[in-house]
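As a plain string of letters, each chain reads:
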Amino acid sequence: AKYAILNAPAGWGKSVLLCSLAGHDLLKNATRKVVICVPQTIISKGFIRRQSIGLPAGQIVHWDVDHNLCEAVPEKTSALRQFLAEPGQGELADRVVVTTHRTLSAAFQEMDSAAFATAIKSTTFAIDESHHIQSAQEESNRLGAAVSSLIEADDSTVRVILATAFFFRGDKLPILEDRYVSQFRRHSVP
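These remarks concern the structure in this document. (Residues numbered from 1 in each chain as written. Predicted model: local features only at pLDDT ≥ 70, side-chain atom pairs only at ≥ 80, totals over all residues. Heavy atoms only, no water.)

Some remarks on helix H5 (residues 113–120)
One turn of the α-helix equals 3.6 residues, which is why residues spaced by three or four share an orientation.
Phase 1 of the analysis: When we look at burial in H5, the residues that qualify are Phe116, Ala119 and Ile120. Around the axis of H5, the buried residues are gathered within 85° of arc, so they sit on the same side.
Phase 2 of the analysis: The inward-facing, buried residues of H5 contact strand E2 (33–38), helix H3 (76–85), helix H4 (101–109), strand E7 (123–128) and helix H6 (142–153).
Phase 3 of the analysis: Among the residues of H5, the N-terminal cap falls to Asp112, whose side-chain oxygen and the backbone nitrogen of Ala114 are separated by 3.2 Å.
Phase 4 of the analysis: Residue Ser122 follows H5 closely and has a positive phi angle near 55°. (Buried < 20%, exposed > 50% of the residue type's maximum accessible area, 1.4 Å probe, protein only. Helix = DSSP H or I, 4+ residues; strand = E, 2+ residues; numbered from the N terminus. Arc of directions from axis to C-beta. Contact = heavy atoms within 4.5 Å. Polar contact = N/O pair within 3.5 Å; in protein donor to acceptor, adjacent residues only side chain to side chain.)

Considerations on the pattern of salt bridges
Phase 1 of the analysis: Enumeration over the complete set of coordinates arrives at 8 salt bridges.
Phase 2 of the analysis: Among the ionic pairs, Asp25 bridges to Arg159, the shortest N-O distance being 2.8 Å. Of this pair, Asp25 sits in helix H1 (residues 14–28) while Arg159 sits in strand E8 (residues 159–164), and the two are 134 residues apart along the sequence. Accessibility classification places Asp25 together with Arg159 in one group, the buried group. (Salt bridge = Lys/Arg side-chain N within 4 Å of Asp/Glu carboxyl O.)

What follows is the structure, given as structure tokens:
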């Protein structure tokens, strides 16, 4: 699905599934890029380890990540903007970046509309722990504004996958506006 929500319990394997979905996108399109966002750098460990992932059609994704912006990288926002500005090319590992929610939000805030349109082209955005998103007409957090801007761009080459154990916020504010949620295909694992 172009827009998908994966709602599954802790320890279920959401990280591996996100890597599988991202790897499938990268194998299918040699110019596609993937941005995986996590709320805390410690969570990035589930996405940066090398692994071979078998896909349902029998293909093997040799998952590796060259761009880990959760490490001590200077000017992370600039590094992400540069990654997004360049066309996807090269090996699978070179077309994947793992970053934080904060860095993605800051990078989007610093882009004008032309740079944003170029940055999101042919890109899959996987947002882990997506219950951190807060998007509403009245008020959104920075991550909510970033996800809303991806949906509002209505670019047919953009894919957004949200993953969380609980698709609700403790403060009862909406993760996404109803008009956005209705565009997502939801996969819930009890």
